[in-house]
Amino acid sequence: MMTTRTAGMPGSSRRVVLAATAAALALGLTGACGGEGAPGKDDSPKAQATATGPATDPAAAGKPSREPTPRPGLTGIGASDGRVLGRGELDRAVLATGDVSGFTAEPMDGPPPRGETAEKAECRPLTAVINGRPEPLAKAVAYRQLVGPEERGPAVSEFLSAHGEQGATALLSRLRTAVTACAEGFTATGGDGPSTYTGVKPLPPVKAGDDALAYQVTGDFEGEPVPLVFHLVRVGGTVATFYTANFEDGRTPNLPPALLTAQVTKLG
């Protein structure tokens with residue numbers, strides 16, 4: 001059984017189950033195939049990154065649909081030249097509260113040093129991202145938790161990683177290969193115990209930046225499919241990774257394209 005922890009969101013009546021960071025980024029879908037560990041509450045900063053079910057249709061509730069939009073006037077820091085950004089530059093470039101309408105941003109601690117590793121070598125680029133430490137390893141990383149209006153769907157976590165252009169290009173290339181090679185799923189060890197991922201599939205990427213990739217890794221929660229969705233976009237030598245999950249009904253959660261386009265603008 002998949003090990004989980006719950007985390008509440010102030011002012012929210014949503015059913016909240018362990019975040020993409022606690023379940024995916026930091027610890028993986030631990031125990032998806034017989035791992036040990038009892039559910040409990042995790043009050044660590046990492047566990048405050050939460051994942052919820054699919055968005056409610058505002059039109060069905062008699063409310064006008066308002067898609068998130070980037071804030072007018074966003075400017076970039078010049079990352080498109082391919083240089084390796086420092087931590088200070090990443091902190092200035094990463095999405096902040098108000099950069100996308102309706103979304104707030106909060107700092108988020110990096111993942112613990114112990115992650116999980118896919119048993120198949122060709123799938124290890126996927127677990128590296130799940131661990132929050134994409135390979136090749138970044139020179140600097142900035143982590144953020146992004147929370148939008150309740151009716152617009154799940155919380156999203158993001159990290160910016162600085163690699164330099166060669167490393168950033170290799171990162172997306174390796175992931176593309178892994179998505180194809182691991183389509184039938186894979187197992188991983190480490191973290192809180194063994195994990196089973198039942199499938200990997202590509203998703204339509206947002207057309208932004210110098211390169212973009214989107215894919216879904218499906219795990220298991222008490223016998224039910226748990227889709228983890230990752231969107232990556234490269235600007236020069238920097239990669240922005242966004243991720244979210246749906247613990248409610250197994251449907252692929254939506255990630256607002258405005259988050260990626262706003263981040264590309266701030267990096268460019």
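The side chains of a regular strand alternate between the sheet's two faces. Among the eleven residues that make up strand 10 (residues 211-221), ten are buried, leaving the element largely enclosed by the rest of the structure. Across eleven bridges, strand 10 lies against strand 11 (residues 224-235) in antiparallel orientation. For alanine 214, the partnering residue across the bridge sits in strand 11 and is histidine 231. Here strand 10 folds back onto strand 11 in antiparallel fashion, the turn holding two residues, of which glutamate 222 has a positive phi close to 50°.

On to the packing of aromatic side chains, then. Under the counting rule described, the total for this entry stands at five aromatic pairs. Pairing phenylalanine 159 with tyrosine 243 gives two aromatic rings, centres 6.0 Å apart and planes at 50°, and the pair type is tilted. In this pair, phenylalanine 159 sits in strand 6 (residues 156-162) while tyrosine 243 sits in strand 12 (residues 238-245), placing the two residues 84 residues apart along the sequence. Overall, the relative accessible area of 0% leaves phenylalanine 159 in the buried class. Through a chain of ring-to-ring contacts, the aromatic side chains of Tyr143, Phe159, Tyr215, Phe230 and Tyr243 assemble into a single cluster.

Rules behind the numbers
Residues numbered from 1 in each chain as written. Predicted model: local features only at pLDDT ≥ 70, side-chain atom pairs only at ≥ 80, totals over all residues. Heavy atoms only, no water. Buried < 20%, exposed > 50% of the residue type's maximum accessible area, 1.4 Å probe, protein only. Helix = DSSP H or I, 4+ residues; strand = E, 2+ residues; numbered from the N terminus. Pairing = 2+ DSSP bridges. Phe/Tyr/Trp six-rings, centres within 6.5 Å; stacked < 30°, edge-to-face > 60°.

Remember, this is a structural readout, not a statement about activity or role.
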